[in-house]
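The lines below spell out each chain.
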Amino acid sequence: MMNWLSQHRLALGLILGRFAHAPFSSLLALIVFGVTLSLPLGLYTLIDNVKIVAGNARLEPQITVFLSPSADADSAKRVESRLKELNAIKQFRFIQRDQALQELLQSTGLVDVAAGLARNPLPDAFVIEPKSINPDELENLRKELMKLPKVDKVLLDIAWVERLNAMVRLGRDVTLILAVLLGFALVVITSNTIRLQILSQREEIEISTLIGATDAFIRRPFLYHGVLQGLGGGLAAWLIISLGLQLLNVDIADLAKLYAAQFRLLPLGTGDILGLLLFSSLLGWLGAFLAVGRHLSRIEPRA
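Because the structure is a prediction, the values reported are computed rather than measured.

Asks: Can you explain the layout of surface pockets? Please cite residues and give values.
Replies: The calculated volume of the largest pocket comes to roughly 420 Å³. Looking at the largest pocket, it is lined by 16 residues, and the ones nearest its centre are Pro40, Leu41, Tyr44, Thr175 and Ala179. Residue assignment for the lining of the largest pocket shows that the elements contributing at least two residues are α2 (23-56), α6 (159-200) and α9 (270-295). Counting residues per element, the lining of the largest pocket draws most heavily on α2, at seven residues. For the lining of the largest pocket, the class distribution of residues is ten nonpolar, two polar and four charged.

What follows is the structure in structure tokens.
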């Protein structure tokens, strides 16, 4: 066991020494790796934030029944009694027009505007939660609600959430395809880097083979090189995305203030960061493994 650990420590020290002797080229390789990874990572981060917004939205079907402006309190009570008789309705609540106006003005930061209004332009409304989520049954319920007296309009409030979720699914699929393609490109880049190192150390490898070095011993430093390059590239991608989020959040905060809202792009969580580093290290290892397996078999020690 001690001999095995010593060999790994020797291989790791050898690769760190090579990085130290060529810092510019090593740093450039890490930056290329990180920039390539940052594109799918940035899309993933953006989609993850959109999913949070969609998750905070009300996903249950919701129907809003707007009464006509001429509807009085007695009309609202008659509609309420009819709603209680419909078996397709799970529960509902009444929103009086003055309450709706106050909520609207407070949410938009336009409370002072109310003083300039001659009358309340909003109607009374009922917010209904149906029992079924079947689209056909919801549409039948909407048509039935439209037949009630003094009902002006009936809206299904689930459509925008469904569109948002569809866009999230599309973005997730695009990110997955992009990650696979760029991951393949990174494997090729790492493989070519390792191939150049193998060719530059051909004589050293031949001598090591002649004195009894095993394939595992020769392969080990190159695999460490691929893993460290992938790990460094993952760290670079994380730093690029973190800096980008900080810059974007400044403009997003200013935009959110205009709509009297608060929103900011959340950074990657600990689990996502660990997954990124593991994935990038695996890409580097795979590229090194393919290069070593292909080119070492072509090197025959000369007697």
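Asks: Account for the nonpolar core, with residues named and values stated.
Replies: Grouped together as the largest cluster of nonpolar side chains are 16 residues, with contacts concentrated most on Val65, Leu83, Ile128 and Leu145. Only β1 (63-67), α3 (73-85), β3 (125-130), α5 (135-146) and β4 (151-156) provide two or more residues apiece to this core. In contact with Ile128, other than residues within four places in its own chain, are Pro61, Gln62, Ile63, Val65, Leu83, Ile89, Gln91, Phe92 and Leu145. Leu186, Ala237, Leu265 and Ile273 belong to the second-largest nonpolar core, a separate cluster that totals 14 residues.

Asks: Give a description of α3 that names residues and reports values.
Replies: Between the first and last C-alpha of α3 there are 19 Å, a value that for 13 residues agrees with the 18 Å anticipated at 1.5 Å per step. Looking only at α3, the buried set comprises Ser75, Ala76, Val79 and Leu83. Buried residues of α3, viewed axially, fall in a sector of 100°; they line one side. Opposite its buried face, α3 presents the exposed residues Ala73, Lys77, Lys84 and Glu85, each directed more than 90 degrees away.

Asks: Give a description of the packing of aromatic side chains that names residues and reports values.
Replies: Counting across every chain of the model gives three aromatic pairs. A centroid spacing of 6.0 Å and a plane angle of 65° characterise the contact between Phe92 and Phe126, whose relative ring orientation is edge-to-face. Residue Phe92 is located in strand β2 (residues 89-95), and its partner Phe126 is located in strand β3; the two are separated by 34 residues in the primary sequence. Taking relative accessible area as the criterion, Phe126 reaches 0% and is therefore assigned buried. Aromatic side chains Trp285 and Phe289 sit 5.1 Å apart centroid to centroid with 15° between the ring planes, which places their arrangement in the stacked category. In this pair, Trp285 and Phe289 are both assigned in helix α9, four residues apart and thus about one turn of the helix distant. Taken together, the ring pairs in this structure connect Phe92, Phe94 and Phe126 into an aromatic cluster.

Asks: Outline the sheet that holds β2, listing residues and values.
Replies: Within the open sheet, the four strands sit side by side as β2-β3-β1-β4. Their pairing is antiparallel. Single-partner strands in this sheet number two, and they are β2 and β4. Taken pair by pair, the neighbouring strands of this sheet meet at an average axis angle of 20°, ignoring direction. Pairing geometry for β1 and β4, over five bridges, is antiparallel.

Asks: Residue-level account of the pattern of salt bridges, with values.
Replies: Taken as a whole, this structure holds three salt bridges when the rule is applied. In this structure, Glu129 and Lys90 form a salt bridge, with 3.6 Å as the shortest nitrogen-oxygen distance. Taken together, the residues span a long stretch of sequence, with Glu129 in strand β3 and Lys90 in strand β2 at a distance of 39 residues. Classification of Glu129 as buried rests on a relative accessible area of 12%. The class of Lys90 is exposed, set by a relative accessible area of 53%. Notably, a salt bridge pairs Glu139 with Arg142, separated by 2.9 Å at the nearest N-O pair. Residue Glu139 and its partner Arg142 are both found in helix α5; the two are separated by three residues, about one turn of the helix. Residue classification places Glu139 among the partly exposed positions, given a relative accessible area of 26%.

Asks: With reference to specific residues and values, describe unusual backbone geometry.
Replies: In this model, Lys150 sits at a positive phi of 65°, which is unusual for a non-glycine residue. Among the secondary structure elements, Lys150 is positioned in the loop between α5 and β4.

Asks: Before we move on, could you go through the environment of Leu39 and cite the residues and values that matter?
Replies: Looking at the secondary structure, you find Leu39 in helix α2. For Leu39, a relative accessible area of 47% puts it in the partly exposed group. In this structure the C-alpha to C-alpha distance between Leu39 and Leu182, which are 143 residues apart in sequence, comes to 8.9 Å. Those residues in contact with Leu39 that sit more than four places away from it in its chain are Leu178 and Leu182.

Asks: Before we move on, could you go through the pairing of β3 and cite the residues and values that matter?
Replies: Counting buried positions over the six residues of β3 gives six, a clear majority of the element. Going residue by residue along β3, you find Ala125, Val127 and Glu129 tucked away on one face and Phe126, Ile128 and Pro130 tucked away on the opposite face as well. Of the strand pairs in this sheet, β1 and β3 are connected by four bridges, and their pairing is antiparallel. Within β3, the position partnered with Ile63 by the bridge is Ile128.

Conventions we followed
- Residues numbered from 1 in each chain as written.
- Predicted model: local features only at pLDDT ≥ 70, side-chain atom pairs only at ≥ 80, totals over all residues.
- Heavy atoms only, no water.
- 1 Å grid on protein atoms, 1.4 Å probe; cavity = no way out; pocket = protein on both sides within 12 Å on 5 of 7 lines; lining within 4 Å.
- Points joined across faces, edges and corners; volume = space filled by probe spheres on them.
- Helix = DSSP H or I, 4+ residues; strand = E, 2+ residues; numbered from the N terminus.
- Nonpolar A, V, L, I, M, F, W, Y, C, P; charged D, E, K, R; others polar.
- Core = buried A, V, L, I, M, F, W, Y, C linked by side-chain atoms within 4.5 Å.
- Buried < 20%, exposed > 50% of the residue type's maximum accessible area, 1.4 Å probe, protein only.
- Contact = heavy atoms within 4.5 Å.
- Expected span 1.5 Å × (residues − 1).
- Arc of directions from axis to C-beta.
- Phe/Tyr/Trp six-rings, centres within 6.5 Å; stacked < 30°, edge-to-face > 60°.
- Pairing = 2+ DSSP bridges.
- Axes fitted to C-alpha atoms, helices over the stretch in contact; angles between N-to-C directions.
- Salt bridge = Lys/Arg side-chain N within 4 Å of Asp/Glu carboxyl O.

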